[in-house]
Amino acid sequence: MLVDSHCHLDFPDFGPEVDDVVARAHAAGVGLMVTISTKVSEFDKVKAVAERFSHVFCTVGIHPHEAESEPEIDTAKLVELAQHPKVVGIGETGLDYYYEHAPREAQQRNFRAHIAAARETGLPLIVHTRDADEDMARILDEEMGKGAFPGLLHCFSSSSQLAEKALELGLYISLSGIVTFKNAVELRETAAKVPMERLLVETDAPYLAPVPKRGKRNEPSFVVHTAAKVAEIKGVPAEELAETTTANFLRLFSRVPPEAVLRA
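A brief look at the structure comes next. (Residues numbered from 1 in each chain as written. Predicted model: local features only at pLDDT ≥ 70, side-chain atom pairs only at ≥ 80, totals over all residues. Heavy atoms only, no water.)

A few words on the sheet that holds strand β8 (residues 199-201). Strand order in the open sheet formed by eight strands is β1-β2-β3-β4-β5-β6-β7-β8, and the pairing between neighbours is parallel. Bordering the open sheet on either side are β1 (2-7) and β8, each of which pairs with just one other strand. Averaged over neighbouring strand pairs, the angle between their axes works out to 30° when direction is ignored. On top of the sheet, helix α2 (residues 43-52) reaches β2 (30-35), β3 (56-60) and β4 (87-96); it is set at about 160° to β3, its chief contact. (Pairing = 2+ DSSP bridges. Helix = DSSP H or I, 4+ residues; strand = E, 2+ residues; numbered from the N terminus. Axes fitted to C-alpha atoms, helices over the stretch in contact; angles between N-to-C directions. Contact = heavy atoms within 4.5 Å.)

Quick look at the pairing of strand β7 (residues 172-175) now. Looking along a regular strand, one sees side chains alternate from face to face of the sheet. What you see with β7 is no split at all: Tyr172 and Ser174 on one side and Ile173 and Leu175 on the other are buried throughout. With two bridges joining them, strand β6 (residues 151-153) and β7 adopt parallel strand pairing. Bridge pairing in β7 places Leu152 opposite Tyr172. Between β6 and its parallel partner β7, the chain crosses via helix α6 (residues 160-168), and the hand of that crossover is right-handed. Pairing geometry for β7 and β8, over three bridges, is parallel. (Buried < 20%, exposed > 50% of the residue type's maximum accessible area, 1.4 Å probe, protein only. Right-handed = clockwise from strand over helix to strand, strands pointing away.)

What follows covers the packing of aromatic side chains. One pass over the full model with this rule turns up three aromatic pairs. Look at Phe11 and Tyr207: their rings are 6.1 Å apart centre to centre, the planes differ by 70°, and that puts the pair in the edge-to-face class. Here Phe11 is found in the loop between β1 and α1 (18-27), whereas its partner Tyr207 is found in the loop between β8 and α8 (223-234), with 196 residues between them in sequence. One cation-aromatic arrangement involves Lys86 over Phe57; the distance from NZ or CZ to the ring centre is 4.3 Å. The residue whose ring lies beneath Arg130 is Tyr98, and the NZ or CZ to ring-centre distance is 3.6 Å. (Phe/Tyr/Trp six-rings, centres within 6.5 Å; stacked < 30°, edge-to-face > 60°. Lys NZ or Arg CZ within 6 Å of the ring centre and 35° of its normal.)

Attention shifts here to the environment of Ser37. Note that Ser37 resides in the loop between β2 and α2. Separated by 18 residues in the primary sequence, Ser37 and Asp19 place their C-alpha atoms 19 Å from one another. In this structure, Ser37 is in contact with Val46, Thr59, Val60, Gly61, Gly91 and Glu92, ignoring residues within four places of it in sequence. Here the side chain of Ser37 touches Gly61 through a polar contact of 2.9 Å, landing on its backbone oxygen. (Polar contact = N/O pair within 3.5 Å; in protein donor to acceptor, adjacent residues only side chain to side chain.)

On to the pattern of salt bridges. If you walk through the whole model with that rule in mind, you get 19 salt bridges. In this structure, Arg24 and Glu219 form a salt bridge, with 2.8 Å as the shortest nitrogen-oxygen distance. Here the residue Arg24 occupies a position in helix α1, and Glu219 occupies one in the loop between β8 and α8, the gap between them amounting to 195 residues. Across the salt bridge formed by Glu142 and Arg138, the nearest N and O atoms sit 3.4 Å from each other. (Salt bridge = Lys/Arg side-chain N within 4 Å of Asp/Glu carboxyl O.)

Running from amino to carboxyl end, helix α4 (residues 104-121) crosses helix α5 (residues 133-146) at an angle of 35°, the nearest separation of the two axes being 11 Å. Classified by chirality, the crossing of α5 by α4 is right-handed. Judged by residue contacts, Gln108, Phe111, Arg112, Ile115 and Arg119 of α4 engage Asp135, Met136, Arg138, Ile139, Leu140, Glu142, Glu143 and Lys146 from α5. Per-class residue counts for the contact of α4 with α5 are five nonpolar, one polar and seven charged. (Left-handed = near helix turned anticlockwise from the far one by under 90°. Nonpolar A, V, L, I, M, F, W, Y, C, P; charged D, E, K, R; others polar.)

Mapped onto the secondary structure, Ala192 falls in helix α7 (residues 185-193). The residues touching Ala192, leaving out its near neighbours within four places in the chain, are Ile233 and Lys234.

Our focus in this paragraph is the side chain of Thr190. Relative to the elements of secondary structure, Thr190 occurs in helix α7. Setting aside anything within four residues of it in sequence, one finds Thr190 in contact with Phe156, Ser160 and Ala163.

We now examine the pairing of β1. The buried count for β1 comes to six of six residues, which makes it a mostly enclosed element. Sheet topology places β1 next to β2; four bridges connect them, and they run parallel. Looking at β2, one finds that Val3 is bridged to Leu32.

Time to look at the environment of Val18. Counting through the fold element by element, Val18 comes out in helix α1. Here Val18 falls in the buried class, since its relative accessible area comes to 5%. Val18 has contacts with Leu9, Val49, Arg52 and Phe53, leaving out every residue within four places of it along the chain.

Counting across every chain of the model gives zero disulfides. The thiol sulfur of Cys58 is not disulfide-bonded, and the nearest other cysteine sulfur, from Cys7, lies at 11 Å. With relative accessibility at 0%, the residue Cys58 sits in the buried group. You can see Cys155 has no disulfide; the closest cysteine sulfur is in Cys7, sitting 13 Å from it. (Disulfide = S-S within 2.5 Å.)

And the structure:
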């Protein structure tokens, strides 16, 4: 079975189809999904989806795009919301200097508050990073120096140098459908160097559908295509890739009970 470690099942793109989407994922061999929070103000929607399915969990956090538009949140509030038994991670959070929908200072302040919550709860930090490698590496380094915290760089598409820094700090790397795209040569080269025991796979659904589904609305069942490409890159059977990434997920997302993975 595979795990889709990052999707957005509460998004309106899925609407009344959520039950069918989750059923298709299970039929495709996806035994567990994490639906990711992007706005604390809409956390109830994320939580409601996770509560509906035994094998769907969620996170709590504010995406860097929303770092200014959302009410500023402190670590204590994140820690409080994270007490819900279905919450298994903090985020997504991080830095996005490509779109810059929020000022960099607000993004960095938001990011550090989430890191502190991950450190305090022991829940993994889900990091979004785009065109911010230098500040990302610096902040991760500074914050890890204050006390270790678990986490992953999700939907990884940054430089090999940032991947190396993340691995050096004990973080994991999660690969999305981008790794299947024709022009993602550098990403595939980076993925080849990431140790198997630090890899996860995800969809980031409804975005970034992998080849051969590119151009369609992404959904968790499509993670099988990303996993197949990653297995090819790593030179291992698809079954081994699935087994390893699921074991990695359960090690990192330690609040998820192994029996929650819905078997075929």
